[in-house]
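If you want the building blocks of each chain, they are given just below.
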Amino acid sequence: KLQENLIPKYPFGAKRVLFSDNYYQTLNQSHISVITDPIVRVTATGIDTSHASANLDVLIYATGFKSHPFLDGLDIQGIAGQTLKDKWKESPKNYLGMLVDNFPNFFIMYGPNTNLGHSSIIIMSEAQANYIAQCIVQISNGSYNAIAIKQEVINDYYNEHQKRLSKMVWDSVDWSWYKTKSGDNVNNWAGRTMEYMRITKTVNFNDFQKE
């Protein structure tokens, strides 16, 4: 019965994989109870589940965390004073996790859809640093005063990336910290790190609006 309660009902990898199993011994002790009934209410003395009540000295309300909205709490404004928070209200559309249209000379590291579940994030960060440095060089040497990724470039990239993600194990669950309420996976990169390194190796300045 305990094993049945502990085995997820979704495919392996659909949510974040645990790298430790030493809690199994704890859960198997005689004075430990694993209760999976839905919690109906929190009371002054404990909790009520759908089948019983429990008096508690301590209640740890651990429901997870939100990995998005990204850059929350920062007042970042683009053209005409539009804030990034409003821009990304529905979904954080971006290009390669680094660029947002109508936000010139604005670069992000470890942005949306650059998280990994299979390799080191340092590889992604190094690729982003290389890409951003190329952009900054063109601005600092006077080639351009400002550059901003084109909206159509973002739309094509974002839609194609979401299409790829929809065929992966992460899409087999309706809700996880990878996803927005609309169902878009805005955290994970859909490919290999080698692919990301390849497409960020050289900046295509034709993808930008330039001043």
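Residues numbered from 1 in each chain as written. Predicted model: local features only at pLDDT ≥ 70, side-chain atom pairs only at ≥ 80, totals over all residues. Heavy atoms only, no water.

Undergrad: Give a description of unusual backbone geometry that names residues and reports values.
TA: Along the chain, His-68 connects to Pro-69 via a cis peptide bond; the corresponding omega equals 15°. In this fold, Pro-69 is placed in the loop between β3 (53-55) and α3 (84-87). Its identity as a non-glycine residue notwithstanding, Ala-80 has a phi of 60°, on the positive side. Positionally, Ala-80 belongs in the loop between β3 and α3. Since its relative accessible area comes to 84%, Ala-80 is described here as exposed. Phi angles above zero are rare outside glycine, and Tyr-110 is one such case at about 55°. As for its placement among the helices and strands, Tyr-110 is situated in the loop between α3 and α4 (121-140). (Helix = DSSP H or I, 4+ residues; strand = E, 2+ residues; numbered from the N terminus. Buried < 20%, exposed > 50% of the residue type's maximum accessible area, 1.4 Å probe, protein only.)

Undergrad: Please give an account of the pairing of strand β2 (residues 46-49) that cites residues and values.
TA: The sheet contact formed by strand β1 (residues 39-42) and β2 spans three bridges and is antiparallel. Bridge pairing in β2 places Arg-41 opposite Asp-48. Between β1 and β2, which pair antiparallel one after the other, the connecting turn spans three residues. Both β2 and β3 contribute to a ladder of three bridges, which runs antiparallel. (Pairing = 2+ DSSP bridges.)

Undergrad: Could you give an account of the environment of Tyr-10, naming the residues involved and the relevant values?
TA: Here Tyr-10 shows up in the loop between α1 (2-6) and α2 (23-27). For Tyr-10, a relative accessible area of 31% corresponds to the partly exposed category. Measuring from C-alpha to C-alpha, the distance between Tyr-10 and Asn-155 comes to 31 Å, with 145 residues separating the pair along the chain. When neighbours within four sequence positions are excluded, Tyr-10 is seen to be in contact with Lys-15 and Val-173. (Contact = heavy atoms within 4.5 Å.)

Undergrad: Just give me the short version of the layout of surface pockets, but keep the residues and values in it.
TA: The gaps left among the atoms become clear once a water-sized probe is rolled over them. One number sums up the size of the largest pocket: a volume of about 1500 Å³. Forming the boundary of the largest pocket are 48 residues, of which Gly-64, Phe-65, Trp-175, Ser-176 and Trp-177 lie nearest the centre. Secondary-structure elements contributing two or more residues to the lining of the largest pocket are α1, α2 and α3. Its residues placed into classes, the lining of the largest pocket shows 22 nonpolar, 14 polar and 12 charged. Taken as a whole, the second largest pocket holds about 460 Å³ of empty space. (1 Å grid on protein atoms, 1.4 Å probe; cavity = no way out; pocket = protein on both sides within 12 Å on 5 of 7 lines; lining within 4 Å. Points joined across faces, edges and corners; volume = space filled by probe spheres on them. Nonpolar A, V, L, I, M, F, W, Y, C, P; charged D, E, K, R; others polar.)

Undergrad: Can you break down a nonpolar patch on the surface residue by residue, with the values?
TA: The grouping of Ile-39, Val-42, Leu-56, Leu-59 and Tyr-61 at the surface amounts to a nonpolar patch, some 530 Å² of accessible area in total. Checked against the element boundaries, Ile-39 lands in strand β1. We classify Ile-39 as exposed; its relative accessible area is 54%. (Patch = residues over 30% accessible without salt bridge, like charges linked within 9 Å, V, L, I, M, F, W, Y side chains within 5 Å. Areas by Shrake-Rupley, 256 points an atom, 1.4 Å probe, with all protein chains shown as cover. Salt bridge = Lys/Arg side-chain N within 4 Å of Asp/Glu carboxyl O.)

Undergrad: Outline the pattern of salt bridges, listing residues and values.
TA: Pairing is possible between side chains that carry opposite charge, provided their charged atoms lie close to one another. Evaluation of the coordinates by the stated rule reveals four salt bridges. Its salt-bridge partner being Arg-41, residue Asp-48 comes within 3.1 Å of it at the nearest N-O pair. The partner of Asp-171 in a salt bridge is Lys-179, with the nearest N and O atoms 3.3 Å apart.

Undergrad: Go over helix α5 (residues 151-165), please, and point to the residues and values.
TA: In this model, α5 (15 residues) spans 21 Å end to end at C-alpha, consistent with the 21 Å of a helix rising 1.5 Å per residue. Restricting attention to buried positions, one finds in α5 the residues Val-153, Ile-154, Tyr-157, Tyr-158, His-161, Gln-162 and Leu-165. End-on, the buried residues of α5 take up no more than an arc of 145°, which puts them together on one face. Structurally, α5 contributes buried residues whose contacts are with β4 (147-149). (Expected span 1.5 Å × (residues − 1). Arc of directions from axis to C-beta.)

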